[in-house]
Amino acid sequence: MRIKSFYGQTLQEALNQAKEELGEDVIVLETKEIKGNGLLLENKNLVKLTVKIEEPESTEAKPKHEEKKKSKPEKSANEELIVKRQLDKLYNYFRNILNIGLPEFYENAWRKLCDTGIEYSDSIAIIEDIYYQSGETKVIDYSELKARVRKRIVEKIGEKLGDVDNLFNNDRTVFSFMGPTGCGKTTVLMEMALSPVLNKIKNKNIISTDIYRIGSMDRLDKFSQVSGIKLIKAKSPEELLRIVNEIDKGLVLIDTPIGDIDRYKDIFRGLLTVPDILHLVCIPANLDSGEIDRYMERFNSLKRVGIVLTKVDEVRNKGRIFSLIKSFKHKLFFFTMGNEIPESLHVINASVLAKEIIKEF
(Lines give C-alpha, C1' and ligand atoms only; values in the text may rest on other atoms or scores of the structure.)
Protein backbone atom coordinates (compact mmCIF):
# COMPACT_ATOMS: atom_id res chain seq x y z
CA MET A 1 0.00 0.00 0.00
CA ARG A 2 1.14 3.52 -0.85
CA ILE A 3 -0.18 6.90 0.32
CA LYS A 4 -0.52 10.01 -1.81
CA SER A 5 -1.89 13.50 -1.17
CA PHE A 6 -3.74 15.90 -3.46
CA TYR A 7 -4.49 19.59 -2.87
CA GLY A 8 -7.34 21.83 -4.00
CA GLN A 9 -9.22 24.94 -3.00
CA THR A 10 -12.23 22.67 -2.32
CA LEU A 11 -12.59 19.03 -1.35
CA GLN A 12 -14.24 18.27 -4.69
CA GLU A 13 -11.33 19.81 -6.59
CA ALA A 14 -8.81 17.66 -4.71
CA LEU A 15 -11.01 14.57 -5.21
CA ASN A 16 -11.28 15.20 -8.94
CA GLN A 17 -7.49 15.31 -9.18
CA ALA A 18 -7.22 12.00 -7.35
CA LYS A 19 -9.82 10.32 -9.60
CA GLU A 20 -8.19 11.67 -12.74
CA GLU A 21 -4.85 10.12 -11.78
CA LEU A 22 -5.94 6.96 -9.97
CA GLY A 23 -9.42 6.17 -11.31
CA GLU A 24 -12.87 6.34 -9.82
CA ASP A 25 -12.35 3.86 -6.99
CA VAL A 26 -10.08 5.94 -4.78
CA ILE A 27 -9.89 5.11 -1.08
CA VAL A 28 -9.89 8.28 1.05
CA LEU A 29 -7.84 8.05 4.25
CA GLU A 30 -7.98 11.63 5.48
CA THR A 31 -9.07 15.15 4.58
CA LYS A 32 -7.40 18.14 6.17
CA GLU A 33 -7.90 21.88 5.94
CA ILE A 34 -4.68 23.92 5.68
CA LYS A 35 -5.01 27.54 6.72
CA GLY A 36 -3.86 29.89 3.97
CA ASN A 37 -3.70 33.10 6.05
CA GLY A 38 -5.11 35.09 3.17
CA LEU A 39 -2.82 33.52 0.57
CA LEU A 40 -5.52 32.21 -1.77
CA LEU A 41 -7.63 34.32 -4.03
CA GLU A 42 -11.18 33.63 -2.87
CA ASN A 43 -11.14 30.62 -0.59
CA LYS A 44 -8.88 31.31 2.35
CA ASN A 45 -8.12 27.64 2.91
CA LEU A 46 -6.48 24.77 1.06
CA VAL A 47 -7.88 21.24 1.32
CA LYS A 48 -5.51 18.29 1.52
CA LEU A 49 -6.89 14.91 0.49
CA THR A 50 -4.91 11.79 1.44
CA VAL A 51 -5.75 8.57 -0.41
CA LYS A 52 -4.58 4.97 -0.31
CA ILE A 53 -3.10 3.31 -3.37
CA GLU A 54 -3.37 -0.47 -3.34
CA GLU A 55 -0.32 -2.29 -4.67
CA PRO A 56 -0.93 -5.39 -6.82
CA GLU A 57 -0.46 -8.62 -4.87
CA SER A 58 2.71 -10.52 -5.68
CA THR A 59 2.44 -14.24 -6.47
CA GLU A 60 5.52 -14.88 -4.36
CA ALA A 61 5.18 -15.34 -0.63
CA LYS A 62 6.47 -12.37 1.36
CA PRO A 63 8.72 -12.86 4.32
CA LYS A 64 6.96 -12.25 7.62
CA HIS A 65 9.14 -9.24 8.50
CA GLU A 66 8.01 -7.51 5.28
CA GLU A 67 4.34 -8.11 6.05
CA LYS A 68 4.70 -6.17 9.32
CA LYS A 69 6.66 -3.32 7.73
CA LYS A 70 4.86 0.01 8.19
CA SER A 71 4.40 2.56 5.44
CA LYS A 72 6.67 5.57 5.50
CA PRO A 73 5.11 8.49 7.43
CA GLU A 74 4.20 11.64 5.58
CA LYS A 75 6.35 14.72 5.79
CA SER A 76 4.24 17.35 7.51
CA ALA A 77 6.55 19.48 9.69
CA ASN A 78 6.75 22.45 7.32
CA GLU A 79 3.84 21.59 5.07
CA GLU A 80 2.04 24.91 5.39
CA LEU A 81 5.22 26.90 4.85
CA ILE A 82 6.07 24.85 1.75
CA VAL A 83 2.60 25.51 0.33
CA LYS A 84 3.05 29.23 1.02
CA ARG A 85 6.36 29.31 -0.86
CA GLN A 86 4.86 27.46 -3.82
CA LEU A 87 1.89 29.83 -3.98
CA ASP A 88 4.18 32.85 -3.85
CA LYS A 89 6.08 31.52 -6.86
CA LEU A 90 2.79 31.09 -8.71
CA TYR A 91 1.75 34.64 -7.86
CA ASN A 92 5.09 35.86 -9.19
CA TYR A 93 4.54 34.03 -12.46
CA PHE A 94 0.90 34.98 -13.00
CA ARG A 95 0.72 38.32 -11.22
CA ASN A 96 -0.14 40.38 -14.32
CA ILE A 97 -3.26 38.33 -15.03
CA LEU A 98 -4.30 37.59 -11.45
CA ASN A 99 -6.64 39.60 -9.30
CA ILE A 100 -7.48 39.21 -5.64
CA GLY A 101 -11.16 39.97 -5.93
CA LEU A 102 -10.94 43.57 -4.69
CA PRO A 103 -11.74 46.92 -6.35
CA GLU A 104 -9.19 48.17 -8.88
CA PHE A 105 -7.65 50.70 -6.48
CA TYR A 106 -6.71 47.91 -4.05
CA GLU A 107 -5.65 45.56 -6.85
CA ASN A 108 -3.16 48.17 -8.06
CA ALA A 109 -1.98 48.79 -4.50
CA TRP A 110 -1.31 45.05 -4.09
CA ARG A 111 0.84 44.96 -7.23
CA LYS A 112 2.77 48.06 -6.16
CA LEU A 113 3.37 46.54 -2.74
CA CYS A 114 4.71 43.41 -4.45
CA ASP A 115 7.17 45.63 -6.33
CA THR A 116 8.75 46.64 -3.03
CA GLY A 117 9.93 43.02 -2.59
CA ILE A 118 7.27 41.92 -0.10
CA GLU A 119 6.16 38.39 -0.93
CA TYR A 120 2.90 38.21 -2.83
CA SER A 121 0.97 36.41 -0.11
CA ASP A 122 2.12 38.90 2.54
CA SER A 123 1.10 41.79 0.26
CA ILE A 124 -2.35 40.25 -0.21
CA ALA A 125 -2.77 39.88 3.57
CA ILE A 126 -1.89 43.57 4.14
CA ILE A 127 -4.12 44.96 1.39
CA GLU A 128 -7.08 42.70 2.23
CA ASP A 129 -6.82 43.68 5.89
CA ILE A 130 -6.92 47.39 5.03
CA TYR A 131 -9.80 46.90 2.59
CA TYR A 132 -12.05 45.02 5.00
CA GLN A 133 -11.24 47.27 7.95
CA SER A 134 -12.15 50.26 5.79
CA GLY A 135 -15.69 48.93 5.53
CA GLU A 136 -15.20 47.58 2.00
CA THR A 137 -17.13 50.37 0.28
CA LYS A 138 -15.32 53.27 1.94
CA VAL A 139 -13.08 55.21 -0.44
CA ILE A 140 -9.66 56.25 0.91
CA ASP A 141 -6.97 58.24 -0.85
CA TYR A 142 -3.50 56.95 -1.65
CA SER A 143 -1.74 58.84 1.15
CA GLU A 144 -4.06 57.28 3.73
CA LEU A 145 -3.49 53.85 2.20
CA LYS A 146 0.30 54.32 2.48
CA ALA A 147 -0.04 55.32 6.13
CA ARG A 148 -2.11 52.21 6.88
CA VAL A 149 0.31 49.94 5.01
CA ARG A 150 3.21 51.39 6.96
CA LYS A 151 1.36 50.88 10.25
CA ARG A 152 0.75 47.20 9.49
CA ILE A 153 4.36 46.65 8.46
CA VAL A 154 5.52 48.16 11.76
CA GLU A 155 3.09 45.95 13.70
CA LYS A 156 4.15 42.74 11.95
CA ILE A 157 7.87 43.46 12.30
CA GLY A 158 7.40 44.43 15.93
CA GLU A 159 5.97 40.98 16.70
CA LYS A 160 9.27 39.40 15.65
CA LEU A 161 11.74 41.68 17.43
CA GLY A 162 13.64 40.79 20.58
CA ASP A 163 14.17 43.21 23.45
CA VAL A 164 17.81 44.29 23.02
CA ASP A 165 17.91 46.35 26.22
CA ASN A 166 16.77 43.37 28.27
CA LEU A 167 19.76 41.34 27.05
CA PHE A 168 22.17 43.34 29.20
CA ASN A 169 20.28 43.61 32.49
CA ASN A 170 22.24 40.81 34.15
CA ASP A 171 25.78 41.00 35.52
CA ARG A 172 26.95 38.71 32.73
CA THR A 173 25.78 38.42 29.11
CA VAL A 174 26.98 35.50 26.96
CA PHE A 175 26.54 35.31 23.17
CA SER A 176 27.69 32.68 20.70
CA PHE A 177 27.85 33.42 16.98
CA MET A 178 26.93 30.86 14.34
CA GLY A 179 25.77 30.91 10.76
CA PRO A 180 26.34 29.66 7.21
CA THR A 181 29.70 30.13 5.48
CA GLY A 182 30.28 33.74 4.49
CA CYS A 183 27.52 35.15 6.69
CA GLY A 184 29.93 37.49 8.50
CA LYS A 185 29.59 36.12 12.03
CA THR A 186 33.14 37.06 13.09
CA THR A 187 32.60 40.58 11.75
CA VAL A 188 29.33 40.80 13.70
CA LEU A 189 31.18 39.75 16.86
CA MET A 190 33.79 42.50 16.40
CA GLU A 191 31.09 45.06 15.63
CA MET A 192 29.23 44.13 18.77
CA ALA A 193 32.37 44.29 20.89
CA LEU A 194 32.86 47.95 19.89
CA SER A 195 29.21 48.95 19.46
CA PRO A 196 28.17 52.23 21.15
CA VAL A 197 25.10 50.34 22.38
CA LEU A 198 27.39 48.38 24.69
CA ASN A 199 29.71 51.19 25.82
CA LYS A 200 28.35 50.94 29.36
CA ILE A 201 29.76 47.39 29.66
CA LYS A 202 33.37 47.66 30.81
CA ASN A 203 34.45 44.03 31.05
CA LYS A 204 34.44 42.42 27.59
CA ASN A 205 35.90 39.06 26.61
CA ILE A 206 36.14 37.21 23.32
CA ILE A 207 36.42 33.43 23.38
CA SER A 208 37.34 31.74 20.13
CA THR A 209 36.45 28.10 19.50
CA ASP A 210 37.33 28.67 15.84
CA ILE A 211 40.87 27.39 16.27
CA TYR A 212 40.83 25.30 13.10
CA ARG A 213 41.06 28.15 10.61
CA ILE A 214 44.24 30.21 10.69
CA GLY A 215 42.70 33.21 8.92
CA SER A 216 39.96 33.61 11.48
CA MET A 217 42.32 33.43 14.46
CA ASP A 218 44.75 35.87 12.86
CA ARG A 219 41.94 38.35 12.34
CA LEU A 220 40.77 38.11 15.96
CA ASP A 221 44.34 38.37 17.25
CA LYS A 222 44.82 41.67 15.41
CA PHE A 223 41.41 42.91 16.54
CA SER A 224 42.26 42.09 20.16
CA GLN A 225 45.54 43.97 19.94
CA VAL A 226 43.91 47.08 18.44
CA SER A 227 40.77 47.11 20.61
CA GLY A 228 42.37 45.98 23.87
CA ILE A 229 39.61 43.40 24.36
CA LYS A 230 40.86 40.15 25.83
CA LEU A 231 40.93 37.15 23.48
CA ILE A 232 40.88 33.62 24.94
CA LYS A 233 41.20 30.41 22.93
CA ALA A 234 39.17 27.36 23.95
CA LYS A 235 40.51 24.08 22.56
CA SER A 236 37.83 21.73 23.90
CA PRO A 237 34.20 21.79 25.11
CA GLU A 238 35.40 21.32 28.69
CA GLU A 239 37.84 24.21 28.42
CA LEU A 240 35.11 26.41 26.94
CA LEU A 241 32.79 25.75 29.89
CA ARG A 242 35.59 26.35 32.40
CA ILE A 243 36.56 29.68 30.80
CA VAL A 244 32.96 30.95 30.66
CA ASN A 245 32.32 29.96 34.28
CA GLU A 246 35.40 31.90 35.40
CA ILE A 247 33.96 35.13 33.95
CA ASP A 248 31.26 36.33 36.32
CA LYS A 249 30.71 39.87 35.00
CA GLY A 250 30.55 41.67 31.69
CA LEU A 251 30.10 40.62 28.08
CA VAL A 252 31.28 37.25 26.75
CA LEU A 253 31.37 36.83 22.96
CA ILE A 254 32.06 33.30 21.67
CA ASP A 255 33.24 32.97 18.07
CA THR A 256 32.54 29.60 16.45
CA PRO A 257 33.15 27.99 13.04
CA ILE A 258 29.69 26.46 13.22
CA GLY A 259 27.86 26.66 9.95
CA ASP A 260 27.51 22.94 9.51
CA ILE A 261 26.81 21.38 12.93
CA ASP A 262 27.90 17.91 11.80
CA ARG A 263 31.45 19.16 11.15
CA TYR A 264 31.83 20.66 14.61
CA LYS A 265 29.79 18.40 16.88
CA ASP A 266 32.19 18.75 19.83
CA ILE A 267 32.01 22.54 19.82
CA PHE A 268 28.24 22.46 19.45
CA ARG A 269 28.02 20.01 22.35
CA GLY A 270 30.16 22.35 24.44
CA LEU A 271 27.89 25.32 23.73
CA LEU A 272 24.90 23.33 24.97
CA THR A 273 26.48 23.18 28.44
CA VAL A 274 26.99 26.95 28.81
CA PRO A 275 24.25 28.39 31.07
CA ASP A 276 22.28 31.53 30.15
CA ILE A 277 23.78 31.75 26.67
CA LEU A 278 22.00 33.36 23.71
CA HIS A 279 22.99 31.80 20.39
CA LEU A 280 22.97 34.47 17.70
CA VAL A 281 22.58 32.91 14.26
CA CYS A 282 23.81 35.27 11.55
CA ILE A 283 21.62 34.98 8.46
CA PRO A 284 22.48 36.79 5.18
CA ALA A 285 19.45 38.71 3.95
CA ASN A 286 20.24 37.75 0.36
CA LEU A 287 19.71 34.02 1.02
CA ASP A 288 16.66 32.32 -0.45
CA SER A 289 13.77 32.09 2.04
CA GLY A 290 13.58 28.32 1.71
CA GLU A 291 17.30 27.97 2.41
CA ILE A 292 16.93 30.04 5.57
CA ASP A 293 13.99 27.92 6.77
CA ARG A 294 15.94 24.70 6.27
CA TYR A 295 19.10 26.09 7.86
CA MET A 296 17.37 27.30 11.02
CA GLU A 297 15.93 23.83 11.65
CA ARG A 298 19.45 22.71 12.62
CA PHE A 299 19.29 24.74 15.81
CA ASN A 300 16.09 23.29 17.25
CA SER A 301 18.03 21.70 20.13
CA LEU A 302 19.23 25.08 21.42
CA LYS A 303 17.26 26.70 24.26
CA ARG A 304 17.77 30.40 23.40
CA VAL A 305 18.24 31.45 19.79
CA GLY A 306 18.24 34.94 18.30
CA ILE A 307 18.88 36.18 14.79
CA VAL A 308 21.24 38.76 13.33
CA LEU A 309 20.28 39.66 9.77
CA THR A 310 23.47 40.42 7.83
CA LYS A 311 24.17 41.97 4.41
CA VAL A 312 20.94 43.95 4.39
CA ASP A 313 22.62 46.46 2.08
CA GLU A 314 22.91 43.76 -0.60
CA VAL A 315 19.12 43.40 -0.88
CA ARG A 316 17.80 45.62 -3.64
CA ASN A 317 14.09 45.65 -2.71
CA LYS A 318 13.77 46.28 1.02
CA GLY A 319 10.29 44.78 1.17
CA ARG A 320 11.97 41.38 0.98
CA ILE A 321 13.40 42.08 4.44
CA PHE A 322 9.85 42.39 5.79
CA SER A 323 8.82 38.97 4.49
CA LEU A 324 12.03 37.39 5.80
CA ILE A 325 11.47 38.82 9.27
CA LYS A 326 7.83 37.74 9.23
CA SER A 327 8.84 34.14 8.47
CA PHE A 328 11.38 33.87 11.33
CA LYS A 329 10.46 31.55 14.20
CA HIS A 330 13.02 33.21 16.52
CA LYS A 331 13.38 36.79 17.69
CA LEU A 332 15.43 39.20 15.61
CA PHE A 333 17.83 41.51 17.47
CA PHE A 334 20.34 43.13 15.09
CA PHE A 335 21.09 43.70 11.43
CA THR A 336 24.18 44.82 9.51
CA MET A 337 24.66 47.08 6.51
CA GLY A 338 28.20 47.10 5.09
CA ASN A 339 31.44 46.00 6.74
CA GLU A 340 32.48 49.06 8.73
CA ILE A 341 33.26 48.23 12.36
CA PRO A 342 31.25 49.05 14.44
CA GLU A 343 29.10 51.43 12.36
CA SER A 344 27.42 48.75 10.27
CA LEU A 345 25.75 47.00 13.24
CA HIS A 346 22.26 48.28 14.04
CA VAL A 347 19.41 47.42 16.36
CA ILE A 348 16.31 46.60 14.31
CA ASN A 349 13.85 49.49 14.28
CA ALA A 350 10.46 48.60 12.81
CA SER A 351 9.51 52.21 12.04
CA VAL A 352 12.74 52.95 10.18
CA LEU A 353 12.47 49.76 8.12
CA ALA A 354 8.83 50.44 7.29
CA LYS A 355 9.78 53.93 6.12
CA GLU A 356 12.41 52.46 3.77
CA ILE A 357 9.88 50.01 2.30
CA ILE A 358 7.21 52.66 1.81
CA LYS A 359 9.68 54.76 -0.21
CA GLU A 360 9.27 52.17 -2.96
CA PHE A 361 5.46 51.95 -2.62
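The structure presented is a predicted model; accordingly, all values stated were derived computationally and were not measured. (Residues numbered from 1 in each chain as written. Predicted model: local features only at pLDDT ≥ 70, side-chain atom pairs only at ≥ 80, totals over all residues. Heavy atoms only, no water.)

Peer 1: Account for the side chain of Thr 256, naming residues and giving values.
Peer 2: You can see Thr 256 is positioned in the loop between strand S7 (250–255) and helix H10 (265–272). Among residues more than four places away in sequence, those in contact with Thr 256 are Phe 177, Met 178, Lys 185, Thr 209, Asp 210 and Leu 271. (Helix = DSSP H or I, 4+ residues; strand = E, 2+ residues; numbered from the N terminus. Contact = heavy atoms within 4.5 Å.)

Peer 1: Can you lay out the nonpolar core for me, pointing to particular residues and giving the numbers?
Peer 2: Nonpolar side chains in soluble globular proteins generally cluster together in the buried interior. Ranked by size, the top nonpolar core spans 66 residues in total, and within it Val 149, Ile 153, Ile 157, Ile 207, Ile 254 and Leu 309 carry the most contacts. Element by element, the count of residues in this core is highest for helix H5 (residues 120–133), at 6 residues. In terms of nonpolar packing, the next biggest core, distinct from the first, is built from 28 residues, Met 192, Ile 206, Leu 253 and Leu 345 among them. (Core = buried A, V, L, I, M, F, W, Y, C linked by side-chain atoms within 4.5 Å. Buried < 20%, exposed > 50% of the residue type's maximum accessible area, 1.4 Å probe, protein only.)

Peer 1: Explain the side chain of Lys 204 residue by residue, including any values.
Peer 2: Tracing the backbone shows Lys 204 in strand S5 (residues 204–208). Summary of buried charges: Lys 204 has no salt-bridge partner, and the nearest side chain of opposite charge, Glu 191, is 13 Å away. Among all residues touching Lys 204, those that are not within four sequence positions of it are Ala 193, Leu 198, Ile 229, Lys 230 and Leu 251. (Lys, Arg positive; Asp, Glu negative; His and termini not counted. Salt bridge = Lys/Arg side-chain N within 4 Å of Asp/Glu carboxyl O.)

Peer 1: Pulling in residues and values, what's your account of the packing of aromatic side chains?
Peer 2: Tallying each qualifying case throughout the model produces 6 aromatic pairs. Between Tyr 295 and Phe 299, the aromatic rings sit 5.3 Å apart at their centres with planes inclined by 65°, giving edge-to-face as the arrangement. Like Tyr 295, the residue Phe 299 is buried in the burial classification. An aromatic cluster is present here, built from Phe 105, Tyr 106, Tyr 131 and Tyr 132 joined pairwise through their rings. (Phe/Tyr/Trp six-rings, centres within 6.5 Å; stacked < 30°, edge-to-face > 60°.)

Peer 1: Which residues make up the sheet that holds strand S4 (residues 172–178), and what are the values?
Peer 2: With mixed pairing, the 8 strands of this open sheet are ordered in space as S6-S5-S7-S4-S8-S9-S10-S11. Both outer strands of the open sheet, strand S6 (230–233) and strand S11 (345–347), are each paired with one neighbouring strand and no more. In this sheet, neighbouring strand axes are inclined to one another by 25° on average, regardless of whether the strands run parallel or antiparallel. Where strand S8 (residues 277–284) lies against strand S9 (residues 305–310), 6 bridges are found, and the strand directions are parallel. Bridge pairing in S9 links Leu 280 to Gly 306. (Pairing = 2+ DSSP bridges. Axes fitted to C-alpha atoms, helices over the stretch in contact; angles between N-to-C directions.)

Peer 1: Please provide a residue-by-residue account of the environment of Cys 114, values included.
Peer 2: Along the chain, Cys 114 turns up in helix H4 (residues 104–115). Look at Cys 114 and you get buried, because its relative accessible area is 7%. In this structure, the C-alpha to C-alpha distance between Cys 114 and Asn 317, residues 203 residues apart in sequence, is 9.8 Å.

Peer 1: Please give an account of the pattern of salt bridges that cites residues and values.
Peer 2: The full count for this structure, using the stated rule, is 10 salt bridges. Between Lys 233 and Asp 221 there is a salt bridge, with the nearest N and O atoms lying 3.8 Å from each other. With Lys 233 in strand S6 and Asp 221 in helix H8 (residues 214–227), this pair connects stretches of sequence that are 12 residues apart. Residue Asp 221 is classed as partly exposed on the basis of its relative accessible area of 27%. Between Arg 269 and Asp 266 there is a salt bridge, and its shortest N-O distance comes to 3.4 Å. Pair noted here: Arg 269 and Asp 266 are both in helix H10, with a separation of 3 residues, about one helical turn. For Asp 266, a relative accessible area of 45% corresponds to the partly exposed category.

Peer 1: Describe the packing of helix H6 (residues 142–158) against helix H13 (residues 350–358), with residues and values.
Peer 2: Running from amino to carboxyl end, H6 crosses H13 at an angle of 140°, the nearest separation of the two axes being 9 Å. With respect to their mutual orientation, H6 and H13 come out oblique. As for how H6 packs across H13, the hand of that crossing is right-handed. Taken together, the residues of H13 that come into contact with H6 (itself represented by Lys 146, Val 149, Arg 150, Ile 153, Val 154, Ile 157 and Gly 158) are Ala 350, Ser 351, Leu 353, Ala 354, Lys 355, Ile 357 and Ile 358. (Parallel < 35°, antiparallel > 145°, perpendicular 65-115°, else oblique. Left-handed = near helix turned anticlockwise from the far one by under 90°.)

Peer 1: Describe in detail H4, supporting the description with residues and values.
Peer 2: Between its first and last C-alpha, H4 extends 17 Å over 12 residues, near the 16 Å set by a 1.5 Å rise per residue. Looking only at H4, the buried set comprises Tyr 106, Glu 107, Ala 109, Trp 110, Arg 111, Leu 113 and Cys 114. A positive phi of about 105° marks Gly 117, the residue just after H4. (Expected span 1.5 Å × (residues − 1).)

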